[in-house]
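As a plain string of letters, each chain reads:
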Amino acid sequence: MTGMEGMSANPLDLLPEILLLFGAVGGLLLGLWTPQQKQGRVRSLIVTAALASAVVSALRLSDPDSGVFEDSWMIDTTTSVVRILVALATAAAILASSTSLAGHPRETEAYVLMVLAALGAIALTASQDLLMLAAAYLLASVPLYALAGFAKDARGVEAALKYYLMGAFVGVLMLVGIVALILAAGSGNYRALAGILPQAPMPVVAIGVIGVLAGVAFKAGAVPVHFWVPDVGAGTTPAMAAFITTIPKLGAVAAAFRLVSEPFAQLPLNVPLLVAVIAALSMTLGNLAAFQQTEVLRLLAYSTVSQVGYMFMVVAVAGQSDYALPALTVYLAGYAVTNIGAFAAAAALPKAFTLAQWSHEAGRRPWLVLSLAVLLLGLVGTPPTAVFVGKLAIFAATADGNFVWLVVLGAVNTVASLFYYLRWIAPAARTVFATHRQPAGTSISDVLFHRTPAATVHAAAAASVLLGAGSGLWLAVTT
Amino acid sequence: MLLSLVIMLPVIAAAALLAMTGLPARVVSWLWVAVAAIDLALIVGMWAGFASSNRTGPSGVVGGFAYEEKVRWIPTVDVSYHVGVDGLSLPLLAMTGVLFLAAAVWSLREKNRPRNYAALFLFLQTASLGTFAALDLILFFVFFDLTIVAMYFVIAGWGHGNRRRSALKFFLYTFVGSLSLLVGFIGLFLGGETRTFDMVALANDPPLTDSPVAAGLVLLALSVGLAVKTPLFPFHTWLPDAHTDAPAAGSAILAGVLLKLGTYGFVRIAMPILPDAWQRWAMVIVIAGVVSVLWGAFTALAQTDMKRMIAYTSVNHMGYIMLGLGAAGLVGQADEQARTIAVTGAMVQMVSHGLLTGALFLLAGVLFSRGGTYAFSRWGGLARPAPVFAAALGIAAFGSLGLPGLSAFIAEFQIFTGALQAAPAATVIAVTGIVVTAGLFLIALQRLLAGPIRVPHPAEGECGEAPTMDNPGKAAASKKAARTATTTATYEKADSSARFEDLGGRERTTIFGLLSLSIVIGLFPRPLLNVIEPAAAMISSLVGQ
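A brief look at the structure comes next. Source: prediction; values computed, not measured.

Criteria and thresholds
Every chain is numbered independently, its residues counted from 1 as its sequence is written. Chains carry letters from A onward and ligands carry numbers from 1 onward, assigned in written order. Local features in a predicted model are, by the rule used here, given only for residues with pLDDT of at least 70; side-chain atom pairs are given and counted only at 80 or more, and totals for whole chains, interfaces and linings are based on all residues. To obtain the side-chain values, all non-hydrogen atoms of the structure were included, while hydrogens and water were left out. Secondary structure elements are taken from DSSP: a helix is a run of H or I of four residues or more, a strand is a run of E of two residues or more, and numbering for both begins at the N terminus. Helix span is expected to be 1.5 Å times the residue number reduced by one. Summary of the burial criterion: residues with accessible area below 20% of their type's maximum are buried, those above 50% are exposed, and those between are partly exposed, where the area comes from a 1.4 Å probe applied to protein chains only. For this analysis, residues touch if any pair of their heavy atoms sits within 4.5 Å. By buried area we mean the combined loss of accessible area, with a 1.4 Å probe, across both parts when two parts are placed together. Salt bridge, as used here: a side-chain nitrogen of Lys or Arg that lies within 4 Å of a carboxyl oxygen of Asp or Glu. As used in this structure description, the phrase polar contact means that two N or O atoms lie within 3.5 Å; if the pair is within protein, one of them must be able to donate a hydrogen and the other to accept it, and residues adjacent in sequence are counted only when both atoms belong to side chains. Amino acids outside the nonpolar list (Ala, Val, Leu, Ile, Met, Phe, Trp, Tyr, Cys, Pro) and the charged list (Asp, Glu, Lys, Arg) are all regarded as polar, and Gly is one of them. Grid spacing is 1 Å over the protein atoms alone, the probe is 1.4 Å, and a cavity is where that probe fits but cannot get out, while a pocket is an open set with protein on both sides within 12 Å along at least five of seven lines and lining residues have an atom within 4 Å of a point. Grid points are joined across faces, edges and corners, and a volume is the space filled by probe spheres set on the points. Patch membership is restricted to residues that have no salt bridge and whose relative accessible area is over 30%. Joining uses 9 Å for like charges and 5 Å for the nonpolar side chains Val, Leu, Ile, Met, Phe, Trp and Tyr. Exposure was quantified through the Shrake-Rupley algorithm and a 1.4 Å probe, taking into account, for residues, occlusion by the shown protein chains and nothing else.

Examining helix α1 (residues 15-32) of chain A
All names here are of chain A.
And step 1. Taking 1.5 Å per residue as the helical rise, α1 with its 18 residues ought to reach 26 Å, and the 25 Å between its terminal C-alpha atoms agrees with that figure.
And step 2. Regarding α1, the residues found buried are P16, E17, L20, G23, A24, G26, G27 and G31.
And step 3. On its buried face, α1 is in contact with α2 (40-59), β2 (73-75), α3 (77-101) and α4 (107-126).

The structure is reproduced here in C-alpha cells:
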C-alpha cells in the first residue's frame, strides 16, 4: 500500500506516540496528586508507557509503509526504528537520571519534559510535510531548553540561554527555508516537493534547502551549529546530558536522511556534497575539540559531535546506496546504546568532574572501568561492538555512494578519536592496576557512587557487544 | 563444531576465571595451563583428522576446507561467521596453540594479578586462533582488532620500563593499520560482482579484475594494513619498543603469533583475492621484503640490548617471508613449481620463526628475571654458571640464523630456491642478510656466554621485575647511573659472588619444548610440508591465473 491511496486517519496508527503522550499527561496528573517522596510512581508510569510504546512499534515493524493523516506522517522502517530506539532510550535515560532527580521538587516535570522531547524526536523522523517538520522541531526543542537549565545553577542557566538563543535563531532560519520551499513548490508534502522542486527556481530552493538542513543539523548537534552541545553537555547532570545528546539526535539524523533521500534527491543542487561537507567538518572539528578536554562531560559532548559526523556520512548517500538504510538503523541503535552507557559512567561517579578525578574514584571498581573501556572502544568502532558494525556499514554505503574521500577521512578520524578516548580509559585502567597492587589505598566509602547508573553502564556495555554480534538479527527485523 | 570449540574454549575459560574470584593464584595458573593444553590437544586432533582424510577437489583457499562452519551474521552485507581449516591455516593454528601453552607454563609463577593475566592471554588466544581460522573478511578483522586490544593491556599492565608509551605506540600503529585494512576490505566488497565479504567466494571470483587502478589502490590499503602488523620497513618502528617493554611471555606471543597475522593476511587475502594486482606489484613486494631483510639485520647488529636485537631480527625474518610471497607473484619470470616452493618456504618460515623467536624472547626473559636488564654490557661468561641456559641460547640462535637441522633452514632454503629464478638479484642480496644475522648472533653469544662472569647486581640499576610505576624519571636517572658505573669498568666481577641461577624446570620445559619442535621440523619436515604444499600450490596457481 502506498501513501497516496492509504490516506488513512486512523488514530491507532499513532498508538506508539499516543502511549508516550499518555505517559506524559498521565505522569503530570499523577505527579500533582502524589506526595514529594513518592514521586517514584510517576517514574514507573512513564517508563511503563515508554516500554509499551516500544513494544507496540516493534510489533508493527513488518507493517507496510504508509503515510497517514493526509500523508503528513510517514510510518516506515526509519520511523519504526527511531520510535523503538527513542522509547527505549528515554526509558533508560529516565532510570539513569532517577538517582539525581529523586526527591527533587520538580521531579515529575523533568520526566514529563523528557517524554515530550522524545515525542518531538519521533515527530522529526516521521514528518512527511515541512509544516509538520517545523512543529516537530519546536516540540523537540522547547522541553529541552527547560531541561538544560533544570539545575538553575550558573552553568545550567548559561547552557540553557545559549541553547535557547541558538535554537531560536536556527528555528527562524529553518522557517525561512520552509517558507521558501513551499513558495517554490506550492506544497509542503515531501512527495510533492520531490516532483516539483527540480523545476523550481534554484536560488529559492537553495535558500530552502540550507535553512531546513540547518534546522536538522542543529537538532543533531552537527557543525557549524554545534556550539550548544558542550555547554549543555557539561551544564546539566550527566543523565540529562545523555538524554539531550542522544534522543533528539536520533530523530534529527533520521529526518535529515528522509529529506535527502526524498524531496532533495533529484535537485540539480549538489545536496549530497553539502551533507558530506557537514559530516566531514563535524567529525573532524568534534575530534579536534575533544583532544584538549579535561572534563568528562565536555569530552563526551564533543565526542557526540564527531559521532554526528559519521551519521551524516550515511545521510550524504541516502537514496544513492542500497546499504544506506541498514547502515543508518544499525548505527543509530549502536550509538544510542553506547552513548547513554558512556554518559551513565559519568553519572555513576557524580562528584568526579575531570578525567583525573573519575579515574581516581573508579580505582576500586575494575568492573566499571572494564565496561567503560568496552563502551569507549565501541565508540571508536572496535569490533565486535554495535558501533563497529554500524561504522562498517556506513563506510561501505558511503564508498558505494562514491564518496571515497569521505570514507578515508572517516577512517583517519576514527584513529584520531582513539587518542581522546584512551585519555579516559588509560588513566582509569592504570588506577585499577595500581590499586590492585597496593590494597591499602583510599577507602571506598568516601567516594560518592550511584548504583543505578553503574548498572546502566554494565547493561549498555553488554548490549553494545550483543547488538554487535546480533546485528544480523537486528537488520533482519528492521529492514 | 570442533573448530569453533578450539577458538572459543580459551575465551570461555577466561570468563570463568574472571567470574571465580576466590581461586588461589596457583590454581588459576594451573587452570590456564590445563586449558591451553586441552586446546592444543584439540588442534593436534584436528591435524590428525586433516592429514588422514582423503580430500578431493581444491586443496584449500577456494574450497576443500576441513571443519568448515558458516553461520550468517549480517546478511545485508553478506557477512558471516565462516571458519575453516586448510593447509595454510592449520600449521599456524598449531603453532599458536603451542606458543600459548608455552606462555601459560612460563607464567606459572606470575605474581602480579595472575587471574587477570591468565584471562587476558586466554582472550588473546581466542582472538589469534580466530584470525587464522576466519574465512570472512569482517570476521578476520574482528579477531585481528581484538588481538590489538588484548596485547595493549598485556604490555600496559604487565610490562616494564616505558611500558605505557610502548603500549600506546603499539596500539596506535596497529590500529591505524587495521583501519587501512578495513578500507581495503570495503574496497574488495564493493569491487566484487556479487557483493560479499566471504573470502572463499571472493577468491573464486576475484573482484576488480577489469579496473587495475582501483585494484592497485585496494592492494595498497591492504598492504599498508598488513605491513604495519608484519612489520615491514618502514612501518616497523613500533616493534622494538613494544617488545622491549612487554613481559617475556607477551613478547613471545607478540613475535611468534601476532606478527604472523600480517604475513598470513597477505597469503590468505591479498594474493588469492587480488591476483592481478599482486602480479603487477610483486616486484615492489619483493623489494620491500629485501629492504626489511637488510634493514632488520643491520639494525639488529647495532643493538646493545638483547631484546631489541631479537626484535629487529624479526623484521629481518619477516622480510624473507615477503621475499618468498612477492616472488610467487612474478609469474612471467618463474614457473609454477618454483613459485610454489617460495610460498611453501614462506609458510614454513612463519611457523619456524614463531617457535625460534618465541624461545629467544623467553631466554631474554630469563636474563631479565635474574638481573633486571637486557643490556649486553651487563652480562658475561654465563656459560659457566648456567650451561643449560647457554645450550638453549646457542640452539635458538643458530636455529634463528638458519643452521641446517632446524626449522629455519628448511624455510629459508625453500624461499631462496623458489625466489632465485624469479628475482635473482633480490635473492642474492637477501642471502647476505643471513651472513649479517649469523654475525650478530655469534657476537651476542660471545658477549653473553664467553669471557669473565658478569652478572648485574640486583641492587643497582633497574632492579627486579617491579616496574617503576610512580616515578619513571627516577628510574631513568638510576639507569643512567648504572650505565656510567659499567662504562667506567669498575664493574668487572669475575669472582664467585656473581651468581646466575640456571634454567629452572618451568623454564626448561617451555624453552626446550619450543626448540625440540623446531628441531623435529628441521629433521623431519615431511608431515608439515605435506599439509602446506597443496595449499601453497593452490596459492601460486591462483596468483598465476
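Next, the rest of the story.
Here we look at the interface of chain A and chain B
And step 1. On the chain B side, the residues contacting the 37 residues of chain A number 35 residues.
And step 2. Contact between chain A and chain B buries roughly 3,100 Å² in total, counting both sides, with carbon and sulfur atoms accounting for 80%.
And step 3. Taken together, chain A and chain B are joined by one salt bridge.
And step 4. Between D400(A) and R195(B) there is a salt bridge; the shortest N-O distance is 3.0 Å.
And step 5. Our count for the contact surface shared by chain A and chain B stands at four residue pairs in polar contact (both at pLDDT 80 or more).
And step 6. Those elements that place two or more of their residues in the side of chain A that touches chain B are α15 (366-380), α16 (386-400), α17 (404-437), α18 (451-469) and α19 (471-478) of chain A.
And step 7. For the side of chain A that touches chain B, the element with the highest residue contribution is α17(A), accounting for 15 residues.
And step 8. A per-class count over the side of chain A that touches chain B returns 27 nonpolar, seven polar and three charged.

Some details on empty space enclosed by the protein
And step 1. This model, assessed by the stated rule, comprises five cavities of 30 Å³ or more.
And step 2. By volume, the largest cavity amounts to about 90 Å³.
And step 3. What lines the largest cavity is a set of 11 residues, among which A426(A), R430(A), F433(A), A156(B) and R164(B) lie closest to the centre.
And step 4. Listed by contribution, the elements that provide at least two residues to the lining of the largest cavity are α17 of chain A together with α5 (137-158) and α6 (163-191) of chain B.

Observations regarding a nonpolar patch on the surface
All names here are of chain A.
And step 1. A cluster of nonpolar side chains, L273, V277, L281, L285, L288 and W405, forms an exposed patch at the surface whose accessible area comes to about 500 Å².
And step 2. The dominant element in the nonpolar patch, judged by the number of residues it contributes, is helix α11 (residues 271-291), at five residues.
And step 3. Here L273 lies in helix α11.

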